[in-house]
Structure formats: C-alpha cells, structure tokens
Amino acid sequence: MTTRLLDTIARPADIKALSAAQLSVLAQEIRAELVRTISTLGGHLASSLGAVELCLALHAVFDAPDDQLVWDMGYQAFTHKLITGRREAFNTLKQRGGLSGFNNKDESPYDLFTTGHGGTVLSTALGLAMARDQVKATRHVVAIIGDASLGEGMALEALNHIGHRKPNLLVILNDNRMSIAKPVGGLSRYLNRLITNPTYNHLRREVEHLVKRLPHGRAMLRVGRKIEESLKGLLIPGLVFEELGFRYVGPIDGHHLPELLLTLRNVKRLKGPILLHVSTVKGKGYRFAEQDPERFHKIEPFHIATGQMKGSAVPEKGARAKQETFTEAFSDELVQLGESNRRLVAITAAMPEGTGVSEFAARYPQRYVDVGMAEQHALGLAAGLAKGGARPVVAIYSTFLQRAYDQIMHEMCLQELPVILAIDRAGLVGEDGPTHHGVFDISYLRAFPHLVLLSPKDPPELRAMVRWALQQDRPVAIRYARGGIVCGELLGKPSKLAMGKAETLRAGQDLALLAVGSMVYPAMYVAERLAREGIDGMVVNARFVKPLDETLLRHIATQIRGVVTLEEGQIAGGFGSAVSEAFDAMEIKGAMGIQGMPHLRIGLPDAFVEHGKRQELLERCRLDPESLTRRIIRWYQTVRPATAADEPLPAPLAPVLAQPAE
Ligand SMILES: Cc1ncc(C[n+]2csc(CCOP(=O)(O)OP(=O)(O)O)c2C)c(N)n1
C-alpha cells in the first residue's frame, strides 16, 4: 500500500517543504479523507471541501502557532485539524470524547478560541493584534471569515474598528458565495460583483507597471492616483473595504495553490490591515456537494458513490411511523396559519431549512424574510413589522437568539409588541456541542417583563402553542427541543391552552413533578416507576415558564410534601428558580413564603456540556428517564428540604481531548 502524503504530516512545519504540486496532491488526499469521514459520521462537509487549498497555503506561508491563524467558527477548517496533529483522531469527529466539529481551545494549541457562532473572528483577531503590539511582538495575526458571516453585526462592528485602529492584521475573506443557503443582502451582491468583475484590478497593476518605466513615471503615478481617488467609486474594486481603512487585495482563485502561495507571501510583507478576497467553491472536488452545497453544508451519513443519505430507503412494511419532530410540526402549522392569517410574516436569520420556514417561504414568498446572518436585526425588523400591524414570527435556534438579547429587551418587550419567537433547538443539541446547546434561554428570557414564555411537551402541543401565541397581543416566546419527544408514546390531542395555566397530567399526593417541555414525558415515566415504589407522584406539564400557574403552585405548596422541577436548561436562574421564587413570594396562611418546602431542582449544571449524541448527553447529565427515576427516589427517601446546592453535580464535563501536536 502506498503511503499517503497526508500520513506524513504531523504538524504544519511538515508541509513547508512541499512544492505546490505536492500540496496539490495533499489537497486531493485531504478531500478524500473529508468525504470518507463525513460520509460515515455525518456533519459539516461542503465548506471544508472549499477551503482545503486555503488552509494548506496559510499553513505553508505562516508559522502557526507562533503566528496566530484564527478561523471564524471552525467547521470549514477541517484541513487545519488534519494537519495540526489531529489526523489520527479525525474519525472521532463530533463523537462523545472525540474531536469537536468546530475550533476548540482545549483540543489544540492551534485553536485559539472555542467557537461555533459566526462573525466573531474579526473582533478577537483585532484584540490579538493589539495585545501583540502592546508587547512589541512581531507575529502575524490572520483572521479567516466567510462571506455570509461578514454580514454579522459583530463582524461589521469589528471591520469599522480595525479600519480605525489600522493594526497589522490580515483578514482573509473566504468567499464561496454561499451561506448555508443562498446568501442575502447588498454586501453579498457587492462581493459577487468583485468576483465576477475583477478586470480592473489586473488592469491597474499592469498600468502601474508600465507607467513606472516611463520618464517621470513615478510622478505621473502620483497624479494618476489622485485622479484614481476621484474615480474610485466608479472603478476601484474593494472600494468599500478601502474606504473603511483596509488595503483590498483580490479576488484570487482559492483553489490555485501557486496563486494562493504567491499572494500570501506578498501580503505577509505588507503593513496595516489587509483584506485578501479569496474566491472558493463550496463543496469543491466532490461532485454531489458542488451540485448541492446547501444539502452538503451539514449532512447525515451518506453513500459516497451516490451522495444519497444512508438509511433513507423506504421504511419496511409495518415499521413504526416516524414521529413528527418539533421543527416539522412548527413548519406545517406555520404554513396552515399563513393561509388564514395574511398578516403573518416568517423571519429567519440565514437558517430557513433548520428552523423549518422553507415551506412557508415557498408558499408565501411575499411574507417571508431571510435577513442573513443578522439575529439582532431580525428582532428589530420584527418589532417594526409588529408595530406596523403585521404578525411576525421569528424562527431561530436558541443558541443564536443569544445574539439578540438586547433586542428582545429593547425592541420587543419594552415596546410590548406582539412578536413571536419560535425558539428551536432549545436544550442539548448533540454533536455540535457547547457553542450550540440551547440551554440558557429560560434563564435569560424569564427576566424580561411583558414576555410570555412557553414550552410544549410534544409536537402537537407546539402546534397549539403557535396558534395560541398568534391570538395574543404581546410578546410570546416558545422554546422547543431538537427532534421529537425522547421517551414514551404521544399522549393525544392537547387540552385547551389558557394564559399561565399548567396542565396536570397525573394526580398524586406525595410528590409533585413539575416539568417543562422535553422533560414532561420523562416525568410521566418517572411517576409510573415511583408508583411501583409506593410513591404517589403528581405530574404537571408546566406549559408556561412565565407566567407561572400560581393557583397550582399554591395547591402543591399546601397539599403536597415535596416538589421536583425538571427542565432541559441551566439550573441557574431557570424554571426551578422561578418556582422557588414563587414559593418565596407566596402568602400562605398570613405568613409570607413557604418555609422548608422540599424542592429538588433538576436541570443542567453550572458547566458547559461537551458534544456527543443528544441521548448520550442527556444520560451524562442524568436527565434520561432511568437516571431521573434513581435521583428522585433517592432524594425522596431523604425527605428533607433540598436545594440545587444539595444536588451533587456530575463530574466536570470537559471533553476528552486529542493530543495536541508538539
Ligand atoms: C451567529 C450565528 N448565526 C447563525 C449560525 C448558523 N450558521 C452556521 S454556518 C452559517 C453560514 C456561514 O456562511 P459563510 O460565513 O459564508 O461560511 P461558509 O460555510 O460558506 O464557508 C450559518 C448561518 C451561526 N453558526 N452563528
């Protein structure tokens, strides 16, 4: 068997001696490795395929980790992982205990930050450059960002500031003219024009060269530049970046290694902020990914020969029907509501497929908005639409909603506007790990006045909640988990919803299990198991995190011996905290507050949870039905007042790391 060049690369220094031709061979080997691994494990593929040569050229020209190469997010930089000592662990990608699917500071000294949210890299790179300058070091700082991420608010803020500070900083714009889906916006249109119309750039270089050789050529050039200044708006590519204070170089072909290497060596010598515009093809080198980069942005395991997903065959006769996911229920309900409610507008921030609004977009294109990677703007836009009489629904992942924290307060809640937040992927999301788990939303949302916060126990209840939310004249947020219910059979049609009213699913005397969203079915399961131990457990589907069902809480406080709150979110400030606060504030028999009410808060610990399959992580955090049963029985046997502090936390959830390269 011939040895692959790739197998000889233990660290970036090993590629420095390679010729462009050898690097080209290495690039093909890497592509094969990426396709092979992702076809087995599933995950992000198309973006990394498009950035192979760029990663290689950067490592060939710069000296990481002394030079600091910082990648936005990191799922597009798998080549970087493969040549920075993580090749042998690559088949553990996104598996529990294995490599992360993004940049991870604990995984390798070549990853400076742990990242998964877009548009952050320009700010952190500017910070690195300023820190370098403070100690008068000479290393290079290089930030690599995608064309869609450049439109993030944070990235634009950083561009503005970099142009002002003017540090030595190289920004590589990896432009594949794709977000996950088609990119949107003026910036994207502008970049596209730069790529499709590069003639002027070459022309300028040639003219400069010629003029310099004429008598008085340099003086003529100076005059020429002045004229050029006045013509800039008409002629100069990259004008927007130049005016912001960058020197714009490009666009160059991101798959042509000699051109990449030469340009990087040249710009390495330049001072000040440089923006190098690199044109790449998303999915490059794997036919099916090139043809359908959106599907291959992140894909389930697939057959290499056909590009078809594994396990997508027609289900066998008699097989259990696939359960509807929360996203599917939301998507379908939104389409139905859109038919009868002509004021309904669906908004996404660059994630139409993931958040389930593509079908709505296809049916009602006039009432669908993709704002691009711009979560803050999505909320502001929704507020304006609501003020103007429309009924906006912002479909967004919990983790990315964090970007719009202030807008929820300032644009939505303070104005008391009827914006609906449909918050998908709330809870543990699985393989994408700590950057993507949607576990903070209950804690931060319940702090906002005027906001109603709900969570459905199953997809049918989500449908009812979306319908209900549309009838309210105030801000409403609905959070729901990835996938469908994690245990048990669907309970049937949900009972009618009423503001702040919980749903009692099982009566009981000894113990109340107060569960939110994805924890309701597991709570039902636990109650069955408790019954076998002679413990009579009441099960409540909270439905509302805010406002809470105070009548029911009062009943529990006066009639039942102990309460267990269950949520798939941080314990700190979460639903359990809300219940505790309600007990504290409740007046019972003339006295304020409930003294000594045994209360076990179950949720997620004060730690970032690693990546792995959702089911594995639920087990790891002891939120699976079996662990819940054991914990609750053990706690009940002690029958004493308990708080979150009494509840031993699982061992720290640090990922098991691959060995960093020397
Ligand atoms: C703040 C934030 N919003 C949304 C996402 C989801 N997301 C991940 S990749 C991506 C598209 C990025 O496109 P681009 O920057 O052009 O990089 P490419 O994948 O094309 O290389 C989106 C919307 C995210 N990771 N972070």
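None of these values were measured; they are calculated from a predicted model.

Chemist: How would you summarise the overall build of the chain if you had to cite specific residues and measurements?
Modeler: Helices and strands together make up the secondary structure of the chain, namely 25 helices and 21 strands. Classification of the 662 residues of the chain by burial places 58% in the buried group. Put simply, of all contacts in the chain between residues at least 6 apart along the chain, 76% involve residues at least 24 apart. Carbon and sulfur atoms make up 54% of the accessible area of the chain, which amounts to about 28200 Å² in all.

Chemist: Can you lay out the sheet that holds strand β12 (residues 452–454) for me, pointing to particular residues and giving the numbers?
Modeler: Strand order in the open sheet made by the seven strands is β9-β8-β10-β11-β13-β12-β17, with mixed pairing throughout. Of all the strands in the sheet, just β9 (368–370) and β17 (544–546) have a single pairing partner and so form its edges. Each neighbouring strand pair of the sheet contributes to a mean axis angle of 20°, computed without reference to strand direction. Note: strand β10 (residues 391–397) against strand β11 (residues 420–424), five bridges, orientation parallel. Counted as the bridge partner of I396 is I423 from β11. The sheet contacts of helix α14 (residues 326–340) involve β8 (344–348), β10 and β11, and relative to β8 the element is tilted by about 145°.

Chemist: Mind laying out helix α22 (residues 550–559), listing which residues take part and the relevant values?
Modeler: Among the residues of α22, L552, L553, I556 and A557 are the ones counted as buried. Viewed along the axis of α22, the buried residues span an arc of 135°, placing them on a single side of the element. Residues of α22 that are exposed and point over 90 degrees away from its buried face: T551 and Q559. Against the buried residues of α22 lie β14 (503–506), β15 (511–515), β16 (537–541), β18 (562–570), α23 (575–585) and β19 (587–588).

Chemist: Could you give an account of the site of the ligand, with specific residues and numbers?
Modeler: Around the ligand there are 23 residues in total, and S47, Y75, S149, N176 and E375 lie nearest to it. Within the contact set of the ligand, a nitrogen atom lies 3.0 Å away from a backbone nitrogen or oxygen of G116. At 2.9 Å from an oxygen atom of the ligand is found a main-chain nitrogen or oxygen belonging to M178. Contact with the protein chains hides 97% of the accessible area of the ligand, taken as 590 Å² for the molecule alone. The residue inventory of the shell around the ligand, partitioned by class, reads nine nonpolar, nine polar and five charged.

Chemist: Please give an account of the packing of aromatic side chains that cites residues and values.
Modeler: Within the structure shown, the criterion is met by 16 aromatic pairs. Ring centres 5.8 Å apart and planes at 70° place the aromatic pair F78 and F90 in the edge-to-face group. Of the two residues, F78 is situated in helix α5 (residues 78–82) and F90 in the loop between α5 and α6 (121–134); the sequence distance between them amounts to 12 residues. Between F296 and F302, the aromatic rings sit 5.3 Å apart at their centres with planes inclined by 85°, giving edge-to-face as the arrangement. Like F296, the residue F302 is buried in the burial classification.

Chemist: Explain the confidence of the model for the chain to me, using residue names and the numbers behind them.
Modeler: Within the chain, residue pLDDT values average 91, and 88% of them lie at 70 or more. In the model, residues 230–234 has pLDDT below 50 throughout and makes four contacts with residues more than four positions away in sequence or in other chains. Below pLDDT 50 for its whole length, residues 649–662 participates in 34 contacts with residues either more than four positions away or in separate chains.

Chemist: So what about the sheet that holds β15? Which residues, and what values?
Modeler: Taken in spatial order, the five strands make up an open sheet running β14-β16-β15-β18-β21, and their pairing is mixed. In this open sheet, the two strands that pair with only one neighbour each are β14 and β21 (599–604). Neighbour to neighbour, the strand axes of the sheet diverge by 20° on average, direction disregarded. Pairing geometry for β18 and β21, over five bridges, is parallel. In the sheet register, Q570 faces β21, and the bridge partner there is L604. Where α23 meets the sheet, it contacts β15, β18 and β21, and its direction lies at approximately 140° from that of β18.

Chemist: Can you explain unusual backbone geometry? Please cite residues and give values.
Modeler: The linkage connecting G250 with the following residue, P251, adopts the cis geometry, with an omega of -5°. Positionally, P251 belongs in strand β5 (residues 247–253). K546 connects to P547 through a cis peptide bond whose omega is -5°. Considering the arrangement of structural elements, one finds P547 in the loop between β17 and α22. Positioned with a positive phi, M73 is a non-glycine residue whose angle comes to about 60°. Tracing the sequence through the fold places M73 in the loop between β2 (68–71) and α5. Residue M73 is classed as buried on the basis of its relative accessible area of 9%. Positive phi values are uncommon outside glycine, yet R543 reaches one of about 60°.

Definitions and limits used
- In this numbering scheme, every chain counts its residues from 1 along its sequence in written order.
- Restriction of local features to residues with pLDDT of at least 70 applies here, the model being predicted, together with a cutoff of 80 or more for giving and counting side-chain atom pairs; totals for whole chains, interfaces and linings are based on all residues.
- Side-chain measures were taken over the full set of non-hydrogen atoms in the model, leaving aside hydrogen atoms and water.
- In this text, helices come from DSSP runs of H or I with a minimum length of four residues, and strands from runs of E with a minimum of two, each type numbered from the N-terminal end.
- Here's how the labels work: a residue is buried when its accessible area is under 20% of the maximum for its type, exposed when over 50%, partly exposed in between, all with a 1.4 Å probe on protein chains only.
- Should any heavy atoms of two residues lie within 4.5 Å, those residues are considered in contact.
- Areas reported as accessible are Shrake-Rupley estimates using a 1.4 Å probe. Residue values count occlusion only from the protein chains shown.
- Strands qualify as paired when DSSP identifies two bridges or more between them.
- A fitted line through C-alpha atoms serves as each axis, taken over the contacting stretch for helices, and the angle formed by two N-to-C directions is quoted from 0 to 180°.
- The arc in question is the one traced by the directions running from the helix axis out to the C-beta atoms.
- One heavy atom within 4 Å of a molecule or strand makes the whole residue count as near it.
- The definition of a polar contact used here is a pair of N or O atoms within 3.5 Å, where within protein one atom must be able to donate a hydrogen and the other to accept one, and adjacent residues in sequence count solely through side-chain atom pairs.
- Residues are grouped as follows: nonpolar covers Ala, Val, Leu, Ile, Met, Phe, Trp, Tyr, Cys and Pro; charged covers Asp, Glu, Lys and Arg; every other residue, Gly included, is treated as polar.
- Geometry of aromatic contacts follows a simple scheme: Phe, Tyr and Trp rings, the Trp one being its six-membered ring, pair when their centres are within 6.5 Å, and the pair is stacked under 30 degrees between planes, edge-to-face over 60, tilted otherwise.
- Note on scores: pLDDT gives the predictor's confidence for each residue, bounded by 0 and 100.

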